[in-house]
Amino acid sequence: MNLQIAISGAHRTGKSSLCKTLSQSLGLPFLESSTTKILQKYGYEADANLRFPERMKAQLLLAQEYDKNFFDNKKFITDRCHFDFMLYSFMEVGNDFPYDKNLENEFESYIDSCVKKSKNLDALYLLQPGIPIFYTKGKASAVTPLLEKLNLLALGLISQYNIPCTIIPKDCLDMKQRVEFISADLNQKFGILPSIES
């Protein structure tokens, strides 16, 4: 059976580690999508303070790389998807957004595309902040208020665009809890029960 699963949400919430664990228990390939590596490939730094038009270019490159790498895969679990690209694009909208109708139209078109592709996933999960945060040089800022802001925005986007998404409870923090929660959900939806190591 084809199965495309994405774990989404703010950075530094444990998405990659959770995906690696689920990949083993589900027998699905883990397709890691490192935004840092992709951005550096095109000359951007993940923690750079870009003006919105330049940030929009970076987001489009991320989405294109994602599509290129994931297009032929029918089975996978990934730690990022178009929902995340939409989330971070909205996060970057600020007072420096120029009065530019072409840019507005490009942004709206990009968001529409992200919504459609997010809805095409078999299962989408939102992983919320809560685990301890450690500073890592070269990574995007990970202070708690920023992660909470991203999480609130994610919850709003799920509601606004009617995106099918299972929200992992905020108090679901350790790996076993998270795997058990997703396992139960996948079993209910698809009759799939991953093996859980204690």
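Here the structure is shown first, and the text comes after it.
Residues numbered from 1 in each chain as written. Predicted model: local features only at pLDDT ≥ 70, side-chain atom pairs only at ≥ 80, totals over all residues. Heavy atoms only, no water.

Novice: I'm lost on the overall build of the protein chain in this one. Help?
Specialist: Check the secondary structure of the protein chain and you find seven helices and five strands. Against the compact-globule benchmark of 16 Å for 198 residues, the protein chain has a radius of gyration of 17 Å, which places it among compact chains. Its C-alpha atoms give the protein chain principal-axis dimensions of about 50 × 35 × 30 Å. A total accessible area of about 10,600 Å² is found for the protein chain, and carbon and sulfur atoms account for 51% of it. The positive charge centre, built from 23 side chains, and the negative charge centre, built from 23, are 2 Å apart in the protein chain. (Helix = DSSP H or I, 4+ residues; strand = E, 2+ residues; numbered from the N terminus. Rg over C-alpha atoms; globule rule 2.2 N^0.38 Å. Areas by Shrake-Rupley, 256 points an atom, 1.4 Å probe, with all protein chains shown as cover. Lys, Arg positive; Asp, Glu negative; His and termini not counted. Charge placed at Lys NZ, Arg CZ, Asp CG, Glu CD.)

Novice: For this particular structure, what's the right way to read helix H7 (residues 175-190)?
Specialist: An α-helical segment advances 3.6 residues per turn. Residues three or four places apart therefore align on the same side. For H7, which comprises 16 residues, the first-to-last C-alpha distance of 22 Å matches the rise-based estimate of 22 Å (1.5 Å per residue) to within 8%. Turning to H7, its buried residues number three or more, namely Arg178, Val179, Ile182, Ser183, Asp185 and Leu186. Residues of H7 that are buried sit in contact with strand S1 (3-8), helix H1 (15-26), strand S4 (123-126) and strand S5 (166-167). Of the residues flanking the start of H7, the one acting as N-cap is Asp174, its side-chain oxygen 3.1 Å from the backbone nitrogen of Lys176. One or two positions beyond H7, positive phi appears at Gly191, with a value near 70 degrees. (Expected span 1.5 Å × (residues − 1). Buried < 20%, exposed > 50% of the residue type's maximum accessible area, 1.4 Å probe, protein only. Contact = heavy atoms within 4.5 Å. Polar contact = N/O pair within 3.5 Å; in protein donor to acceptor, adjacent residues only side chain to side chain.)

Novice: Quick question: what am I supposed to make of unusual backbone geometry here?
Specialist: It is generally the case that most residues other than glycine have a negative phi and that most peptide bonds are trans. At Arg12, a residue that is not glycine, the phi angle is positive and equals roughly 65 degrees. Within the secondary structure, Arg12 sits in the loop between S1 and H1. Looking at Arg12, the relative accessible area reads 23%, which means it is partly exposed. A positive phi angle, close to 50 degrees, is found at Asn162, a residue other than glycine. Mapping Asn162 onto the fold places it in the loop between helix H6 (144-160) and S5. Since its relative accessible area comes to 58%, Asn162 is described here as exposed.

Novice: Explain the sheet that holds S4 to me, please; I cannot follow it from the model alone.
Specialist: Sheets are built from strands paired through backbone hydrogen bonds, the pairs being either parallel or antiparallel. With parallel pairing, five strands are arranged side by side in an open sheet as S2-S3-S1-S4-S5. Of all the strands in the sheet, just strand S2 (30-31) and S5 have a single pairing partner and so form its edges. Pairing between S1 and S4: four bridges, direction parallel. Looking at the pairing, Ser8 lines up with Leu126 of S4. Contacts between H7 and the sheet are confined to S1, S4 and S5, with S4 contributing the most and set at about 155 degrees to the helix. (Pairing = 2+ DSSP bridges. Axes fitted to C-alpha atoms, helices over the stretch in contact; angles between N-to-C directions.)

Novice: Honestly, the pattern of salt bridges in this entry has me stumped. Any pointers?
Specialist: Charged atoms that come close allow side chains of opposite charge to pair. Applying the stated criterion to the full structure yields eight salt bridges. For Glu65, the salt bridge is made with Lys41, and the minimal N-O distance between the two is 3.1 Å. One end of the pair, Glu65, is in helix H3 (residues 52-70); the other, Lys41, is in helix H2 (residues 35-41), with 24 residues separating them in the sequence. Using a relative accessible area of 54% as the deciding quantity, one classes Lys41 as exposed. Close ionic contact of Glu148 with Lys170 constitutes a salt bridge, the shortest N to O distance being 2.8 Å. (Salt bridge = Lys/Arg side-chain N within 4 Å of Asp/Glu carboxyl O.)

Novice: Any chance you could explain the environment of Leu124 here in plain terms?
Specialist: Of note, Leu124 is situated in strand S4. Here Leu124 is in contact with Ala6, Ser8, Cys81, Phe83, Ile163, Pro164, Cys165 and Thr166, once residues within four sequence places are set aside.

Novice: When you look at the packing of aromatic side chains in this model, what are you seeing that I'm missing?
Specialist: The way to describe two aromatic rings as a pair is by their centre distance and the angle between their planes. With the rule as written, the count across this model stands at five aromatic pairs. Consider the rings of Tyr66 and Phe85, whose centres lie 5.5 Å apart with planes at 85 degrees: the pair is edge-to-face. With a gap of 19 residues between them, Tyr66 in helix H3 and Phe85 in helix H4 (residues 82-92) connect regions that are remote in the sequence. For the pair formed by Tyr66 and Phe85, the shared burial category is buried. When the centroid spacing of 5.2 Å and the interplanar angle of 85 degrees are considered together, the rings of Phe90 and Phe107 count as edge-to-face. Here Phe107 lies in helix H5 (residues 101-119) and Phe90 lies in helix H4, a separation of 17 residues in the sequence. Looking at Phe107, the relative accessible area reads 9%, which means it is buried. Every member of this aromatic cluster is reached through a ring pair, and the members are Phe52, Phe90, Phe97 and Phe107. (Phe/Tyr/Trp six-rings, centres within 6.5 Å; stacked < 30°, edge-to-face > 60°.)

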